[in-house]
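Structural features, examined
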Amino acid sequence: NRYLDGLNNNETKIKKQSLEKISTILFESYTMTEVDYSIVFRDICKSLFRLFSDNIEKIRELTINISIKFIERIIDIIPILNYLFTSLMQRIPSGIGYDEEMKIFVIDSKAHDEYKRGKAVNRQDKPEIIGNTITISDIESSEEIRLK
């Protein structure tokens, strides 16, 4: 429990030590069943996913590595999906979103809103826009973390 409390600490050193200790304890020192990993991940996923947007690259990297290890070992990802997607959506550059009504991801929300109001614009869910070049700026500064 002390290591979980360390994830909420403002000091980078304590967060880093807590993440390293959690990783060692859960994935190196001991092994658990898939069910046990699922229960533990469900209990600590909010604290982990919150660190996806930490200012320190090493904290983000450790958090992502631990999350990947959990996802590889759990039997049911459904209970944590809403927390995972919320954390990932916070890392997406502004302007990109999901239209729940049309069930599509949009890259240019302004043009999409115009389309929904009836203006003749290229729809983002149609193949003819695939030929257009779209530039998206990265929020994540570390290429190693982006590639994970």
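The preceding data block contains the structure.
Residues numbered from 1 in each chain as written. Predicted model: local features only at pLDDT ≥ 70, side-chain atom pairs only at ≥ 80, totals over all residues. Heavy atoms only, no water.

1. A word on the packing of helix α2 (residues 12-29) against helix α4 (residues 57-73)
Closest axis-to-axis distance for the α2/α4 pair is 10 Å, and the angle between their directions is 20°. Our classification of the angle between α2 and α4 gives roughly parallel. Our pair here, α2 against α4, has a crossing hand that is left-handed. When α2 is examined against α4, the residues T12, K15, K16, L19, E20, I22, S23, L26 and F27 are found in contact with a partner set consisting of K58, I59, L62, T63, I66, K69, F70 and R73. Classifying every residue of the contact of α2 with α4 gives eight nonpolar, three polar and six charged. (Axes fitted to C-alpha atoms, helices over the stretch in contact; angles between N-to-C directions. Helix = DSSP H or I, 4+ residues; strand = E, 2+ residues; numbered from the N terminus. Parallel < 35°, antiparallel > 145°, perpendicular 65-115°, else oblique. Left-handed = near helix turned anticlockwise from the far one by under 90°. Contact = heavy atoms within 4.5 Å. Nonpolar A, V, L, I, M, F, W, Y, C, P; charged D, E, K, R; others polar.)

2. Overview of the pattern of salt bridges
Pairs can form between side chains of opposite charge whenever their charged atoms are close. One pass over the structure, following the stated rule, counts six salt bridges. Two residues, K15 and D54, come together in a salt bridge whose shortest N-O distance is 2.5 Å. Of this pair, K15 sits in helix α2 while D54 is found in the loop between α3 (34-50) and α4, placing the two residues 39 residues apart along the sequence. Close ionic contact of E20 with K16 constitutes a salt bridge, the shortest N to O distance being 3.4 Å. Within this pair, E20 and its partner K16 are both found in helix α2, separated by four residues, close to a single helical turn. (Salt bridge = Lys/Arg side-chain N within 4 Å of Asp/Glu carboxyl O.)

3. Brief notes about the packing of α3 against α4
Relative to each other, α3 and α4 sit at 150°, their axes nearing to 9 Å. Between α3 and α4, the crossing angle belongs to the class labelled roughly antiparallel. In the crossing of α3 with α4, the sense of the turn from one axis to the other is left-handed. Together, E34, Y37, V40, F41, I44, L48 and F49 of α3 and T63, I66, S67, F70, I71 and R73 of α4 make up the contact between the two elements. Classifying every residue of the contact of α3 with α4 by side-chain character gives nine nonpolar, two polar and two charged.

4. Examining the environment of S142
Considering the arrangement of structural elements, one finds S142 in the loop between α6 (109-116) and α7 (143-147). In this structure S142 comes out as buried when scored by relative accessible area, which is 3%. Separated by 85 residues in sequence, S142 and E57 place their C-alpha atoms 7.1 Å apart. (Buried < 20%, exposed > 50% of the residue type's maximum accessible area, 1.4 Å probe, protein only.)

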